[in-house]
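A structural walkthrough
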Amino acid sequence: MITMQKPLLVLSTAIMIATPTFAGEIDPSQEQWLARYQTQENAPDPATQLINTDPEPDLKGDGFTPLFNGTDLKGWKPIGGTCTFEAKDGEIIGTCVKGSPSTYLSTDRDDYTDFVFTCEIKWEVDGNTGVMFRAQVKDNQKGGKTVFGPQAEMEAEAKGRGWSGGIYGQSCGGYFYPVWLKEHAAARAAQKRGEWNRITILAKGKTMKTWLNGVPVSHIENEEYLKGFFGLQIHSGPRGTIRFRDLRVKETK
């Protein structure tokens, strides 16, 4: 369940988590999405939605561990479908397979709690993607596995609404953090079409925040998803080839 009370000041290794700022007005360009998403289980009340005003954590400091060795997919496994992943030229390349459910290349390790995570993403063939964090897995009715939990959404370039960096509750109730307020104008403009885009995620206790290319995007307080794995999503659909590189994590226990 998402809650919106003000947290205490908490010092992370990377940044100070400040007393949150609240906003409240839907941007006129985003009103079409309100009716679609406001009935979702996780949908926040715009009037109490938190605003991330913090600078992006320092990504050049000590303490970061690579999650990808640059040569093979050791330490990772696909869950949930038959979309493909390969290691090539220092990148992970995920390719949509038409007819497959969404597939998540997931870390073998499944107990990440507090951290700063960062990676770069580039669309080679347009498609929906994202980074699961503190993710979990369950059996589904078709005899397979379903990945669920918070996801830093990275929308297809053609989508055009600018919600990359929002936090989606994958298979667990929909958007925790839609990027639809007037205060999100800079965040909606942060995605670089045809270029590498850096997504950064901070998780510290119940606090979760994101940045896209250094621009603050999301801020939620969530006490349900406190531990889990990372997963790179290739969404179900007719097409999509997504490139990932520079995957690193700094644990802040």
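Note: the structure precedes this text.
All of the points below concern the structure found in this document.

Criteria and cut-off values
Residues numbered from 1 in each chain as written. Predicted model: local features only at pLDDT ≥ 70, side-chain atom pairs only at ≥ 80, totals over all residues. Heavy atoms only, no water. Phe/Tyr/Trp six-rings, centres within 6.5 Å; stacked < 30°, edge-to-face > 60°. Helix = DSSP H or I, 4+ residues; strand = E, 2+ residues; numbered from the N terminus. Buried < 20%, exposed > 50% of the residue type's maximum accessible area, 1.4 Å probe, protein only. Lys NZ or Arg CZ within 6 Å of the ring centre and 35° of its normal. Pairing = 2+ DSSP bridges. Axes fitted to C-alpha atoms, helices over the stretch in contact; angles between N-to-C directions. Salt bridge = Lys/Arg side-chain N within 4 Å of Asp/Glu carboxyl O. Core = buried A, V, L, I, M, F, W, Y, C linked by side-chain atoms within 4.5 Å. Contact = heavy atoms within 4.5 Å.

1. Considering the packing of aromatic side chains
In this description, a pair of aromatic rings is defined by centroid distance and the angle of the planes. This structure, assessed with the given rule, holds 12 aromatic pairs. Centre to centre, the rings of Tyr-37 and Trp-163 are 5.3 Å apart; their planes meet at 45 degrees, and the pair counts as tilted. Taken together, the positions of Tyr-37 in helix α1 (residues 31-37) and Trp-163 in the loop between β13 (145-154) and β14 (167-170) put the pair 126 residues apart, joining distant regions of the chain. Considered together, Tyr-37 and Trp-163 belong to a single accessibility category, that of buried residues. Between Tyr-37 and Tyr-175, the ring centres sit 5.4 Å apart and the planes meet at 85 degrees, which makes this aromatic pair edge-to-face. One end of the pair, Tyr-37, is in helix α1; the other, Tyr-175, is in strand β15 (residues 174-177), with 138 residues separating them in the sequence. Here Tyr-37 matches Tyr-175 in class, with each residue buried. A network of ring pairs unites the aromatic residues Trp-33, Tyr-37, Trp-163, Tyr-168, Tyr-175 and Trp-180 as a single cluster. For the cation-ring pair, Lys-138 lies above Phe-148, with the distance from its terminal atom to the ring centre recorded as 4.8 Å. Over the face of the ring belonging to Phe-64 we find Arg-248, whose NZ or CZ atom lies 4.9 Å from the ring centre.

2. Re the sheet that holds strand β19 (residues 229-234)
In space, the 7 strands of this open sheet follow the order β7-β10-β19-β12-β13-β14-β15, with antiparallel pairing throughout. Looking along the sheet, the strands with just one partner apiece sit at the ends: β7 (76-79) and β15. Sheet twist, expressed as the mean angle between neighbouring strand axes with direction ignored, is 30 degrees.

3. Topic: the environment of Leu-50
By secondary structure assignment, the location of Leu-50 is in strand β5 (residues 50-51). The exposure class assigned to Leu-50 is buried, which follows from its relative accessible area of 0%. Sequence separation between Leu-50 and Thr-200 is 150 residues, and the spatial gap between their C-alpha atoms is 18 Å.

4. A closer look at the pattern of salt bridges
If you walk through the whole model with that rule in mind, you get 15 salt bridges. Across the salt bridge formed by Lys-209 and Asp-54, the nearest N and O atoms sit 2.5 Å from each other. Remark: Asp-54 occurs in the loop between β5 and β6 (65-66) and Lys-209 occurs in strand β17 (residues 207-212); sequence separation between them is 155 residues. Like Asp-54, Lys-209 is buried. Put simply, Glu-251 and Arg-109 hold a salt bridge, and the shortest N to O gap is 2.7 Å. Note that Glu-251 is positioned in strand β20 (residues 241-251) and Arg-109 in the loop between β10 (103-107) and β11 (115-125), a separation of 142 residues in sequence. Exposure remark for Glu-251: the relative accessible area of 33% places this residue in the partly exposed category.

5. Let's talk about the nonpolar core
Core analysis: the biggest nonpolar cluster contains 49 residues, and Phe-115, Phe-117, Ile-121 and Leu-247 have the highest contact counts within it. Broken down by element, the residue count for this core peaks at 5 residues, all from β11. Among residues more than four places away in sequence, those in contact with Phe-115 are Phe-133, Arg-134, Ile-201, Leu-202, Ala-203, Phe-230, Val-249, Lys-250, Glu-251 and Thr-252. Formed by 6 residues, the second largest nonpolar core is a distinct cluster that contains Tyr-104, Ala-135, Val-147 and Phe-229.

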